[in-house]
Amino acid sequence: MMVQQLRQALVLPKILTVLIAIVAVLTLGGYGAIAASAPAETVTVHLGTAAGDLRFEPSQMQFTVGQRYKLVLDNPSPEKHYFTAKDFADALWTQKVQAGAVEVKGAIHELELKPGGLAEWVFVPERPGLYELHCAIAGHAEAGMVGQLRVAAADSV
Ligand SMILES: [Cu+2]
């Protein structure tokens, strides 16, 4: 009887310690995962249309300083297009550009998308302003393949 009580007295704290450790690992792991995938707002822009129209859809985009964005660019049209917005690109911090199995880190100014192409540009705007966007293929901007990227100042809370 005495031995059994002694065993229980020794085993219970061990079980509690293991349970506390498991809870701690799960909690810390959960917070870590949340931090790694901090909320990025997804904005999708089509370069051209399936019918071959020379325009961006949408052609007006709105961003806010300090917010993390995932700009999804695709090309549903039968020809290649550019997403050219150099001043906009200079006013933000690029985390990465992902296309297929390749991830590019660092500054970027212009992306070329072939028909059916898809790229994800993850960035954080740093400076407010109104920036121009155009397709750099000869004649496309003139035909209407232009847009505006507006970056608003962060809410002063
Ligand atoms: Cu174009």
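Provided above is the structure to which this section pertains.
Residues numbered from 1 in each chain as written. Predicted model: local features only at pLDDT ≥ 70, side-chain atom pairs only at ≥ 80, totals over all residues.

K.L.:
What is the right way to look at the sheet that holds strand β7 (residues 102-104) in this model?
P.N.:
The mixed open sheet is built from 6 strands, whose spatial order is β2-β1-β4-β9-β6-β7. In the strand order of this sheet, the two ends are held by β2 (56-57) and β7, each with one partner. Both strand β1 (residues 41-47) and β2 contribute to a ladder of 2 bridges, which runs antiparallel. Opposite L47, over in β2, you have F56 as the bridge partner. (Pairing = 2+ DSSP bridges. Helix = DSSP H or I, 4+ residues; strand = E, 2+ residues; numbered from the N terminus.)

K.L.:
Looking at this model, I keep getting lost on the environment of E120. Mind explaining?
P.N.:
Position of E120 among the secondary structure elements: in strand β9 (residues 118-125). Classification of E120 by C-beta neighbours within 10 Å gives partly exposed; the count is 17. Taking C-alpha positions, E120 is 9.3 Å from E103, a pair spaced 17 residues apart along the chain. (Buried ≥ 20, exposed ≤ 12 C-beta atoms within 10 Å, placed from the backbone.)

K.L.:
Quick question: what am I supposed to make of the pairing of strand β6 (residues 92-99) here?
P.N.:
Across a regular strand the side chains alternate sides, sitting on one face of the sheet and then on the other. Direction of pairing for β6 relative to β9: antiparallel, over a ladder of 6 bridges. Residue pairing in the sheet places V97 in a bridge with W121 of β9. Across 3 bridges, the pairing between β6 and β7 is antiparallel. Counted as the bridge partner of Q98 is E103 from β7. The antiparallel pairing of β6 with β7 creates a hairpin that spans 2 residues between the two strands, and G100 there sits at a positive phi of about 60°.

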